[in-house]
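What follows is the residue order along each chain.
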Amino acid sequence: MPHLPGWAACGLLALAFCAPARAQPQPQTYAGPLFDAHLHYNVEAQQPHPLADVLGRMQRAGVRAIVANSRPNAGTQDLASAREATRAAGVQVVPFVRLYRNRADYNGWFADESIYRMVLEELARGTAAGPYRGLGEFHLYDSANADGPVARQLMQLAAERGLVVLAHVDDDAIDKLMAHAPQARLIWAHTGIGGTPIARVRELLQRYPQLRGELSYRPGLLEDGRLGPAWKALLSEQPQRFLIGSDTWVNQRWQHYEALMSEARSWLGELPPAAARKIAWENGAALFGLTAE
């Protein structure tokens, strides 16, 4: 570079400091198929959101498969029976038996033998989409109830029949449930309730190879709309252990279904592409032997 007069050098230096900072590249939104591993079609949703409505929302959101469960199980039966409509929407239904006939069952199912009998009857009945593939979602508001007789029986039944369990529980209950049936495959709804520390999540993932974390409502997952650093690191390191879900437990979640899936696509886009596809689609598809049609 030729020697410049002092004034010219100063001018160039000033320009360098005044030049606008180069914009950071924005992550690409994940654009592939989605597997919704936590979806409810409860009785109160069925009138305001008939089948054509919910399937249309799934199709517009790019959801290609769902874990379907409902209170009572009639909603899941309806989804499974709508074979032409689900095929037209490009949605594969993976039916689960839910343990709740009504809201009263939430609080005592773990010690209620009639729940166990109902589950056996539903499993024998099956669905138009084929046999049930799992049990849940169920809730345990006190981890001690994971040792209830029906909780123990159902975990053992799941392991014996190759059913996947969807459980809304705390981290202590994970230990208790897995003690009943170490070979059971368990999807941990929300990957903990109340914001289970990420170090504890890592510990449980290491201890139980069959455990998967579902990420709806997960505290700390997002910070100001972006993946929190600790969660971004964990999802990048162990993408094979996680799933996404909508958790349409109230009708408002159906009203915003496409937005929920769009939000998931945004944060998935912050991950390495192979990791994003695993969490978005491949893990769920592998769990239930599905292919993207």
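Refer to the structure printed above.
Criteria and cut-off values
Residues numbered from 1 in each chain as written. Predicted model: local features only at pLDDT ≥ 70, side-chain atom pairs only at ≥ 80, totals over all residues. Heavy atoms only, no water. Helix = DSSP H or I, 4+ residues; strand = E, 2+ residues; numbered from the N terminus. Buried < 20%, exposed > 50% of the residue type's maximum accessible area, 1.4 Å probe, protein only. Contact = heavy atoms within 4.5 Å. Areas by Shrake-Rupley, 256 points an atom, 1.4 Å probe, with all protein chains shown as cover. Phe/Tyr/Trp six-rings, centres within 6.5 Å; stacked < 30°, edge-to-face > 60°. Pairing = 2+ DSSP bridges. Axes fitted to C-alpha atoms, helices over the stretch in contact; angles between N-to-C directions. Parallel < 35°, antiparallel > 145°, perpendicular 65-115°, else oblique. Left-handed = near helix turned anticlockwise from the far one by under 90°. Nonpolar A, V, L, I, M, F, W, Y, C, P; charged D, E, K, R; others polar.

Of the regular secondary structure elements, the protein chain holds twelve helices and ten strands. By principal-axis analysis of the C-alpha atoms, the protein chain measures approximately 90 × 40 × 30 Å. Sorting the 293 residues of the protein chain into buried and exposed places 53% on the buried side. For the protein chain, the share of sequence-separated contacts (at least 6 apart) that also reach a separation of at least 24 residues comes to 76%. Total accessible area on the protein chain is roughly 13400 Å²; 54% of this is exposed by carbon and sulfur atoms.

This model, assessed by the stated rule, comprises nine aromatic pairs. Note on F96 and F288: the rings are 5.9 Å apart at their centroids and 65 degrees apart in plane angle, and the pair reads as edge-to-face. Taken together, the positions of F96 in strand β3 (residues 92-97) and F288 in helix α12 (residues 273-288) put the pair 192 residues apart, joining distant regions of the chain. Summarising the burial analysis for this pair, F96 and F288 share the class buried. Every member of this aromatic cluster is reached through a ring pair, and the members are F35, F96, W281 and F288.

Here we come to the sheet that holds strand β6 (residues 185-188). Overall, parallel pairing links the eight strands, which are arranged β1-β2-β3-β4-β5-β6-β7-β10 in an open sheet. Both edges of this open sheet fall to β1 (34-40) and β10 (242-243), since each of them pairs with a single strand only. In terms of strand pairing, strand β4 (residues 134-139) meets strand β5 (residues 164-168) through five bridges, oriented parallel. Counted as the bridge partner of F138 is A167 from β5.

The angle between the axes and the distance between the axes are what describe a pair of packed helices. Where helix α6 (residues 149-161) meets helix α7 (residues 171-180), the axes come as close as 8 Å, and the angle between the chain directions of the two elements is 60 degrees. Between α6 and α7, the angle falls in the class oblique. Note on packing geometry: the crossing formed by α6 with α7 is right-handed. Residues R152, M155 and Q156 of α6 form the contact with α7, whose own contacting residues are L177, M178 and H180. Considering only residue class, the contact of α6 with α7 consists of three nonpolar, two polar and one charged.

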